[in-house]
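Read off the chains here:
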Amino acid sequence: GGPRPPGAGGWPAAAMRPLTEPELAKVFSKLHNFIGQHVKSLIDRPDELYAFRLHKNKVYYVSEGLVRRATSVAREHLVSLGTCLGRFTKSGHFRLAITSLEILAAYAKHKVRAEG
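Residues numbered from 1 in each chain as written. Predicted model: local features only at pLDDT ≥ 70, side-chain atom pairs only at ≥ 80, totals over all residues. Heavy atoms only, no water.

The backbone of K56 sits at a positive phi, close to 55 degrees, despite the residue not being glycine. A positive phi angle, near 70 degrees, is found at N57, a position not held by glycine.

Across the sheet, which stays open at both edges, the five strands sit in the order β1-β2-β3-β4-β5 with antiparallel pairing between neighbours. Two strands close off the open sheet at either side, each with one partner strand: β1 (17-18) and β5 (94-96). With two bridges joining them, β1 and strand β2 (residues 50-55) adopt antiparallel strand pairing. Residue pairing for β2: P18 is matched across the bridge by R53. Together, β1, β2, β3 (58-63), β4 (83-88) and β5 form the strand contacts of helix α1 (residues 21-35), whose direction differs from that of β5 by roughly 40 degrees. (Pairing = 2+ DSSP bridges. Helix = DSSP H or I, 4+ residues; strand = E, 2+ residues; numbered from the N terminus. Contact = heavy atoms within 4.5 Å. Axes fitted to C-alpha atoms, helices over the stretch in contact; angles between N-to-C directions.)

Moving on, we come to the environment of S100. On the secondary structure map, S100 appears in the loop between β5 and α4 (101-107). Expressed as a C-alpha distance, the spacing of S100 and L85, which sit 15 residues apart in the sequence, is 4.6 Å.

What follows deals with the layout of surface pockets. Volume-wise, the largest pocket comes out at about 220 Å³. If you trace the largest pocket, you find 14 residues lining it, with M16, A70, T71, R75 and L78 closest to the centre. Those elements giving two or more residues to the lining of the largest pocket turn out to be β1, β2 and α3 (64-70). Among the residues forming the lining of the largest pocket, the class breakdown is nine nonpolar, two polar and three charged. In this structure, the second largest pocket encloses a volume near 170 Å³. Elements with a contribution of two residues or more to the lining of the second largest pocket: α1 and α4. Considering only residue class, the lining of the second largest pocket consists of nine nonpolar, three polar and one charged. (1 Å grid on protein atoms, 1.4 Å probe; cavity = no way out; pocket = protein on both sides within 12 Å on 5 of 7 lines; lining within 4 Å. Points joined across faces, edges and corners; volume = space filled by probe spheres on them. Nonpolar A, V, L, I, M, F, W, Y, C, P; charged D, E, K, R; others polar.)

Read these as geometric descriptors, not functional statements.
Written as structure tokens, this is what we have:
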């Protein structure tokens with residue numbers, strides 16, 4: 001026996017987890033460029049608490065209630081949870097995803113409206 005490496009024998013190679021301090025700093029820095037001081041409003045919302053979770057280099061914006069309910073789903077069956085805000089590149093930079101636009105638009109510093 002002995003311990004098996006992650007990804008071996010049915011273990012998920014990358015389980016969803018909270019972000020580390022350096023990862024969180026990179027995400028907050030990028031979000032601050034677009035929504036300024038409203039970054040705090042993303043987490044401490046009046047309706048429910050929200051958190052950032054990392055799964056396979058992608059950062060998800062998830063309500064705490066949904067995180068608690070997702071514990072009943074087996075990790076190997078969990079594809080994603082919440083809204084994908086972006087991903088970490090192989091070089092460690094954080095890039096926003098197109099799916100984050102709806103969330104960022106609500107807190108944006110500068111809003112532009114296009115009429116057609």
